[in-house]
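Spelled out, the chains give:
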Amino acid sequence: MNESMRGRVLIVAGSDSSGGAGIQADIKSVTAMGGFAMTAVTAITAQNTLGVHGIHEVPVEIVRAQMKAVLDDIGADAVKTGMLHSAAIVEAVAAELGAHAEVPFLVVDPVMVAKGGASLLDGSAVAALKEVLIPLATLVTPNVPEAEALTGRTISDLDSQKAAADALLGLGCDAVLIKGGHLDGATLFDVLATQETMQVFSSPRIDTRHTHGTGCTLASAIVALLAQGVELSVAVETARDYVHEAIRTAPGFGKGHGPLNFLAVFSDDGES
């Protein structure tokens, strides 16, 4: 492989038929950041901006086969996980990653609940995430409800975000990004914590209902940049800026929580 050609990202996640979240958002975000997206689909959802109307889990052996096919041939500079749905899939993904230890970066987005409120992760799978997948992660990117479920802590402000980040580091990952969009306030705070440092990013809240897939999009933008050799804090800052602009210039599709403008990065003047 040409060493200058980096940015191969394997995304292990569920499909969103509306194109705003899941694998579809991941592919668009990785591509917008200059990466090459590959996928292993874990579940098929019947979904739109109003909610999730059905979930069909992909058999575990097919999930592993997709991962193995990609990693044995093309390889990956980074892997990102999203909706894994069940403990069996979490464990299978961790096992396949263990068989390909040469992959340098793993970003775990612990997707648990869709924007419309539907559960995307079985209760038993939370324990599996904590025990077998998060310890392998370069970065874990929970929102507030997900961080609360993983730590058992209540998060109500910036200080409790920081405390939860410390608790998540105790599970063995290299870094944690706790996103504060679910908290009240005109300013959003995201906390990036490693074993050595803690950094707070802030941005003004955009008053909009068009936020479908923000978590998927952010994590995928970060992993695409990591796969191209960008340092973690720079990758987070760049990805946050991208998502902020993608929300601001959202196309306005759908009757509910609409999708983002994944092409926002290509706008010279910031206008849609």
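Please refer to the structure placed before this passage.
Everything numeric here is computed off the predicted structure, so don't read it as measured data.

### Overview of the overall build of the protein chain
Secondary structure summary: the protein chain contains eight helices and nine strands in total. Over its C-alpha trace the protein chain gives a radius of gyration of 17 Å, about what one expects of a compact globule, namely 19 Å for 272 residues. Here the C-alpha coordinates of the protein chain stretch approximately 45 × 40 × 35 Å along the principal axes. Counting every position in the protein chain, which comprises 272 residues, the buried fraction comes to 55%.

### Concerning the layout of surface pockets
By volume, the second largest pocket is sized at about 170 Å³. Together, Val-79, Leu-97, Gly-98, His-100, Ala-101, Val-103, Pro-104, Phe-105, Leu-106, Leu-136 and Thr-138 line the second largest pocket. Residue classes in the lining of the second largest pocket are distributed as eight nonpolar, three polar and no charged.

### A look at the pattern of salt bridges
With the rule as written, the count across this model stands at seven salt bridges. Its salt-bridge partner being Asp-190, residue Arg-240 comes within 2.7 Å of it at the nearest N-O pair. Separated by 50 residues along the polypeptide, Arg-240 in helix H8 (residues 232–248) and Asp-190 in strand S8 (residues 187–194) bring together distant segments of the chain. Residue classification places Asp-190 among the buried residues on the basis of a relative accessible area of 8%.

### Brief notes about the nonpolar core
Leu-10, Val-12, Val-93, Leu-133 and Ile-222 are the most contacted members of the largest nonpolar core, which totals 84 residues. The greatest single-element share of this core, amounting to ten residues, is contributed by helix H7 (residues 214–227). In this view, Ile-222 contacts Leu-139, Leu-177, Ala-235, Val-236 and Ala-239; residues no more than four positions away in its chain are not counted. Formed by six residues, the second largest nonpolar core is a distinct cluster that contains Met-83, Val-111, Ala-114 and Leu-120.

### Let's talk about the pairing of strand S3 (residues 51–57)
Pairing of strand S2 (residues 36–48) with S3 involves six bridges; the strand directions are antiparallel. Looking at the pairing, Ile-44 lines up with His-56 of S3. Here S2 hands over to S3 after two residues, the two strands then running antiparallel side by side.

### Looking at the environment of Ser-220
Its place among the elements puts Ser-220 in helix H7. Each C-alpha atom, one on Ser-220 and one on Ser-203, is 19 Å from the other, the two residues being 17 residues apart in sequence. For Ser-220, the contacting residues outside a window of four places in its chain are Asp-26, Ser-29, Val-30 and Lys-80.

### Section: the pairing of S2
Bridge count for strand S1 (residues 8–16) against S2 is eight bridges, and the pairing is parallel. Each residue of the ladder has a partner; that of Asp-16, found in S2, is Thr-45.

### Quick word on H7
Across its 14 residues, H7 extends 20 Å between first and last C-alpha, which sits within 8% of the 20 Å expected from 1.5 Å per residue. A large share of H7 lies buried, amounting to 14 of its 14 residues. Just downstream of H7, Gly-229 is the residue with a positive phi angle, here 90 degrees.

### As for the side chain of Asn-261
Along the polypeptide, Asn-261 turns up in the segment after H8. Residues in contact with Asn-261, not counting those within four places in the same chain, are Ala-246, Thr-249, Ala-250 and Pro-251.

The rules behind these values
- Residues numbered from 1 in each chain as written.
- Predicted model: local features only at pLDDT ≥ 70, side-chain atom pairs only at ≥ 80, totals over all residues.
- Heavy atoms only, no water.
- Helix = DSSP H or I, 4+ residues; strand = E, 2+ residues; numbered from the N terminus.
- Rg over C-alpha atoms; globule rule 2.2 N^0.38 Å.
- Buried < 20%, exposed > 50% of the residue type's maximum accessible area, 1.4 Å probe, protein only.
- 1 Å grid on protein atoms, 1.4 Å probe; cavity = no way out; pocket = protein on both sides within 12 Å on 5 of 7 lines; lining within 4 Å.
- Points joined across faces, edges and corners; volume = space filled by probe spheres on them.
- Nonpolar A, V, L, I, M, F, W, Y, C, P; charged D, E, K, R; others polar.
- Salt bridge = Lys/Arg side-chain N within 4 Å of Asp/Glu carboxyl O.
- Core = buried A, V, L, I, M, F, W, Y, C linked by side-chain atoms within 4.5 Å.
- Contact = heavy atoms within 4.5 Å.
- Pairing = 2+ DSSP bridges.
- Expected span 1.5 Å × (residues − 1).

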